[in-house]
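Next come the chains, spelled out residue by residue.
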Amino acid sequence: MSSQGRTAGTDERERVACVELPALPLQLLLLDQPSWREHPVAVVEADRPQAKLVWVNEHARRLRVLPGMRFAAARSLAPQLRASVISTERIELAVSELFGVLLNFSPRVEPGDLQQPGSFWIDPSGMVPLWGELGAWATALQQAVNAAGFAATVVVGFHRFRCLAIARGQAARASAWVIADPGREARMAAAVSLDRLGISARLRDDLAGLGVRTLGEFMALPGPELRVRFGVEAERLHQRGSDGHWAPMQARALVDPVNERVEIDPPEGDVTRLLFRIKPVLERLLEQLADRGSAMSALHLRMRLDHAGAVEQRLEPAAPTLDTMQVLELLRLRIDALELAAAVEEFTLELEGQRTDPGQIALFRTQARRDLDAADRALARLCAALGPEAVTRPQLRAAHLPEARLTYVPTAHVRFPEQRNMQIEGEHPPRIRRLLHRPKRLPPRPRHEADGWCIEPELGPVEHLHGPYRASGGWWVREVERDYYFAETRSGAVLWVFYDRPRRRWFLHGWLE
C-alpha cells in the first residue's frame, strides 16, 4: 500500500473515495474459469467471431490485444486467447453484492455506470474519528472487497474523475491510496494512459495518431475545439477532467428488508404446525421481494417463547432464491436442531433482498399461488350477470394531456403485469405519478411568501421547483397551454403542479412516488 497523510487544514468532508474493480466482467469470467488466469483472456459482447472485445486482461494487453478489436483479429495476435460472454444480469448481481459490502464503510455509496461496471464512489466523511486515519479506512475497505473474491484499487482524493483515472491506472497493483493534496492528484492523473479510461476505440486511435496517449496530454488540448475535431465524447472527457468540473454524489438508497410479525394464540410448540403458520407469511414477503426485482439473500427469524425469552436465528441460502419450499426446509432443519424450551407465542420474519435474474422472477410468477383460470371464470360470471361492459381494466394511450393518457377497456381475462404493457408508443414512463381525478385548483400565490410557497401545509413549503415542462393541445375544443413543474417540498414529497396560462391559475395535478 502507498499512502499519503492528510495535509493540515484539509477537511475529510471535501474528500471523495473511488473503488475501482478493474474489468469487473473479466473478474467474473475468471472466477468461473480459474484455469484461464495465466492466459490472455477477453470478455466479448456476443458469441460470434466478429464480436468486439469489451474487456481484456494484462496478458492480452502485452500481446497488443485491446478493447474494441474484433475477436477474429485479436486471435491473429494472440492465438491462445480465451473469450466468453458475461450477461448484464450477472454483472448487476455482482454490483449489488459489492454495494452491500461497501455500505459497511460509509452510508453513501454510488455505483458507477453499468456501461463501465466496477467503479464505485464512496463518501469518506466522518471516517477519521472511527478509523484514526483515512489510510486505515481505505486499506480495510480494499481488504473487504478482496475477501468477497474481487481485486480492487481504492483511491481517496479530491476530484472524482481524477480519482477514477488514478484507480484505473494503478489497477494492476491493487492497492489503497490516500492522496495528500490536489496538486499531487492532478500529476498522478495526468500520467494515466487514455486506453485505461474506457474511451471508445475510435477516439483512442484518433488521439494516438496525434501522439496523445495520456490524460495529461489530452487535457493540454484546447477544449473548445475538441467537439469539432473528435466529437461529443472527447468534449465530455475534457470537461470531466477539468479543474472546475464538479458532480454531486448520487448515492444509491439502501432498500429496507421486508418483515412481518405474527402473534400465535394459543402458543405453538409443534414444529410442523409452526411451519404452517410461517409459510403464508414467507410467501407474502417473497412476493414483495419479487415485486422489487429481488430474491431472498438472508432470513431473520425471531421467536418469542411463552415465559421463556426469545430465540433469534439467521439463515442464508446458497444463492438468492424465491423458492418457498427450499426456505421452509432450511427453517425446519434449523428449528428441529434448536430444541425450543417453550412454545412460540409470537414470531417476526424478516427477509433481506438482493437483485436477481429477471428469469428467476418470471419463474416465480408462473408458480405463484394465484389461480388465473379461476379468476377468469369469476369475471365471466360477472359479465354474464351485469353485462360485458361491467369489468374493465386501465390502459395507457397516447394523448396530449396527462389526464387523457389513461382509459378503461372491457376485459374478460386476468394476467400478471408485464413490462411491455407499460409502454406508450414504445417508451416506458420514466416516473410513477399518482394523478388526481380532476386537477385541484390552488389559491393564487401571494406576491411575498415569508416561508415559501405552501401547496399542502402538512408537507411544508416548496424548496425546489423543477421545470417548466410545456404541455399543450386540444385547441380544436378549447385552448390548453400548461407549464408543469415538479415541486419538491421540505418534507421530501414531490408534487406535480402546473400553471394554466390561459386561465392564469395554478393547479395540483398529482404527486410522485
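Further up the page is the structure itself.
Before going into details, it helps to say that this report is about the structure given with it. Computed from a prediction, not measured in an experiment: that's the story for all the values here.

So, how was this worked out
- Residues numbered from 1 in each chain as written.
- Predicted model: local features only at pLDDT ≥ 70, side-chain atom pairs only at ≥ 80, totals over all residues.
- Heavy atoms only, no water.
- Pairing = 2+ DSSP bridges.
- Helix = DSSP H or I, 4+ residues; strand = E, 2+ residues; numbered from the N terminus.
- Axes fitted to C-alpha atoms, helices over the stretch in contact; angles between N-to-C directions.
- Contact = heavy atoms within 4.5 Å.
- Left-handed = near helix turned anticlockwise from the far one by under 90°.
- Nonpolar A, V, L, I, M, F, W, Y, C, P; charged D, E, K, R; others polar.
- Buried < 20%, exposed > 50% of the residue type's maximum accessible area, 1.4 Å probe, protein only.
- Parallel < 35°, antiparallel > 145°, perpendicular 65-115°, else oblique.
- Core = buried A, V, L, I, M, F, W, Y, C linked by side-chain atoms within 4.5 Å.
- Phe/Tyr/Trp six-rings, centres within 6.5 Å; stacked < 30°, edge-to-face > 60°.
- Lys NZ or Arg CZ within 6 Å of the ring centre and 35° of its normal.
- Polar contact = N/O pair within 3.5 Å; in protein donor to acceptor, adjacent residues only side chain to side chain.
- Disulfide = S-S within 2.5 Å.

With that out of the way, let us pick up the sheet that holds strand 2 (residues 41-44). Ordered in space as 3-2-4, the 3 strands form an open sheet in which the pairing is mixed. Two strands in the sheet have a free side with no partner beyond their single neighbour: strand 3 (53-56) and strand 4 (82-84). The sheet shows a mean angle of 30° between the axes of neighbouring strands, direction not considered. Helix 1 (residues 24-32) rests against strand 2, strand 3 and strand 4 of the sheet, and its axis sits at about 115° to strand 2.

A few words now on the packing of helix 4 (residues 88-102) against helix 6 (residues 134-147). Two numbers describe how helix 4 lies on helix 6: the axes approach to 10 Å, and their chain directions differ by 145°. The two elements helix 4 and helix 6 meet at a crossing, and its hand is right-handed. The residues of helix 6 that touch helix 4, namely those facing L98, V101 and L102, are L141, A144 and V145. Broken down by class, the residue content of the contact of helix 4 with helix 6 amounts to 6 nonpolar, no polar and no charged.

Moving on, we come to the environment of Y408. Within the fold, Y408 resides in strand 14 (residues 406-410). The exposure class assigned to Y408 is exposed, which follows from its relative accessible area of 53%. Between the C-alpha atoms of Y408 and Q395, which are 13 residues apart in sequence, the distance is 5.8 Å.

Below, the discussion takes up the packing of helix 13 (residues 271-291) against helix 14 (residues 324-338). Two elements in contact, helix 13 and helix 14, have axes whose closest approach is 10 Å; the angle formed by their N-to-C orientations is 140°. Taken together, the axes of helix 13 and helix 14 lie oblique to each other. The hand of the helix 13/helix 14 crossing is right-handed. Residues V271, L274, L275, I278, K279, L282, E283 and L286 of helix 13 pack against T324, M325, V327, L328, L331, R332, I335 and D336 of helix 14. When grouped by side-chain class, the residues that make up the contact of helix 13 with helix 14 number 11 nonpolar, 1 polar and 4 charged.

Moving on to the environment of L26. Topologically, L26 is positioned in helix 1. What makes L26 buried here is its relative accessible area of 5%. Aside from chain neighbours lying at most four places away, what touches L26 is V41, A42, V43, W55, V56 and N57.

In terms of nonpolar packing, the biggest core is built from 39 residues, with V19, L21, W137 and L141 touching the most fellow members. Residues in contact with V19, not counting those within four places in the same chain, are L102, G118, S119, F120, I122, L141, A152, T153 and V154.

Our focus in this paragraph is the sheet that holds strand 1 (residues 16-20). Sheet architecture is open: 5 strands sit in the order 5-6-1-7-8, paired in mixed fashion. Each having just a single partner strand, strand 5 (109-111) and strand 8 (176-178) make up the two edges of the open sheet. The mean angle between the axes of side-by-side strands here comes to 15°, regardless of whether they run parallel or antiparallel. In this sheet, strand 7 (residues 153-157) lies alongside strand 1 in antiparallel orientation, the contact comprising 5 bridges. When the sheet's bridge partners are listed, A17 is paired in strand 7 with V156.

Of all 10 residues making up helix 7 (residues 160-169), 9 are buried, and the element is well covered by its neighbours. Burial in helix 7 covers these residues: R160, F161, R162, C163, L164, A165, I166, A167 and R168.

The next subject is the packing of aromatic side chains. Enumeration over the complete set of coordinates arrives at 9 aromatic pairs. Taken together, a centroid distance of 5.2 Å and an interplanar angle of 15° make the contact between F498 and F507 stacked. For F507, a relative accessible area of 5% corresponds to the buried category. Within the aromatic cluster, the residues linked to one another by ring pairs are Y469, Y484, F486, W496, F498 and F507. Over the ring of W121 we find R160, and its NZ or CZ is 4.5 Å from the ring centre. We note R482 situated over the ring of F498; from NZ or CZ to the ring centre the distance is 4.4 Å.

Glancing now at the side chain of N57. By secondary structure assignment, the location of N57 is in the loop between strand 3 and helix 2 (58-62). Residue N57 is classed as buried on the basis of its relative accessible area of 9%. Among the polar contacts made by the side chain of N57, one reaches the main-chain carbonyl oxygen of H39 at a distance of 2.9 Å. Reaching out from N57, the side chain makes a polar contact with the backbone nitrogen of A60 at a distance of 3.0 Å. Dropping the residues within four chain positions of it, N57 is found in contact with L26, R37, H39, P40 and V41.

Where two cysteines share a covalent bond between their sulfur atoms, that bond is called a disulfide. Within the structure shown, the criterion is met by 0 disulfides. In this structure C18 is not part of a disulfide, and its nearest cysteine sulfur, from C163, lies 6.5 Å away. We classify C18 as buried; its relative accessible area is 0%.

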